[in-house]
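Per-entry structural report
Each chain is listed here by its residues.
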Amino acid sequence: YSPIIQHGEIDFRDKRRDHVHGRIWRITAQGRPLVKRVNYRSATIAEILEQLKSDANWIRLNARQELKRRAERNRDEILDALTGWFRGLDPQAPDFEHHQVEVLWAVQTLHAIQPKMVRVVLQSTDHRARASAVRILYSWHRELPDAEQLLADAVTDRHPQVRREAVTTLG
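Residues numbered from 1 in each chain as written. Predicted model: local features only at pLDDT ≥ 70, side-chain atom pairs only at ≥ 80, totals over all residues. Heavy atoms only, no water.

Observations regarding the nonpolar core
By size, the foremost hydrophobic cluster in this structure holds 43 residues, and its most contacted members are Leu-67, Leu-82, Leu-104 and Val-118. At the level of elements, α1 (45–51), α2 (57–87), α3 (96–109), α4 (115–122), α5 (127–140), α6 (147–155) and α7 (160–170) are the ones that each hand at least two residues to this core. Other than its neighbours up to four places away in sequence, Leu-82 contacts Leu-49, Leu-52, Leu-67, Val-103, Ala-106, Val-107, Leu-110 and Met-117. (Core = buried A, V, L, I, M, F, W, Y, C linked by side-chain atoms within 4.5 Å. Buried < 20%, exposed > 50% of the residue type's maximum accessible area, 1.4 Å probe, protein only. Helix = DSSP H or I, 4+ residues; strand = E, 2+ residues; numbered from the N terminus. Contact = heavy atoms within 4.5 Å.)

What follows is the structure in structure tokens.
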């Protein structure tokens, strides 16, 4: 512990600085390989979409940001790719619902409203996916003609997390 935040506001010769202990630069799990770096710039759209399936949140976040960057030049191509990838997801895959939510988040990053996707995810068997879809309704409810009915259904959902998201959105 060092009582001084390591910025330049405090003199480097200040007596309170810790000159004995080092910094932790990286923490890794023993026996587990490091996450491989992805070169998003040279990756195809299909390769970036596959990164949305990564276990590493950082990889998925950067994949969404790269899709957003590319959408600045060709928005329709990215939206078509996301829609096609969403439709082509394997319902038998163990993380199927999470992959659907990742697509919703990518679409939300592009500020593109996809009512059909939201309705599909709202019917998910996974409560976390349904809760995420309801949270997205918070941003899109003005653009969806049946948003009130979708939220009314979510308020009576069997899982409390979904109900909480619906109440928050209605607020």
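Description of the environment of Thr-169
Locating Thr-169 in the fold gives a position in helix α7. For Thr-169, a relative accessible area of 9% gives the class buried. For the pair Thr-169 and Ile-136, spaced 33 residues apart in sequence, the C-alpha to C-alpha distance is 9.0 Å.

Some points on the pattern of salt bridges
Counted according to the given criterion, the structure contains ten salt bridges. Between Arg-60 and Glu-102 there is a salt bridge, with the nearest N and O atoms lying 2.7 Å from each other. Linking Arg-60 in helix α2 with Glu-102 in helix α3, this pair joins segments that are 42 residues apart in sequence. There is no split in this pair, since Arg-60 and Glu-102 are both buried. The partner of Arg-130 in a salt bridge is Asp-157, with the nearest N and O atoms 2.9 Å apart. In this pair, Arg-130 sits in helix α5 while Asp-157 sits in the loop between α6 and α7, placing the two residues 27 residues apart along the sequence. Beyond isolated ion pairs, a larger network of salt bridges with shared partners links Arg-60, Arg-64 and Glu-102. (Salt bridge = Lys/Arg side-chain N within 4 Å of Asp/Glu carboxyl O.)

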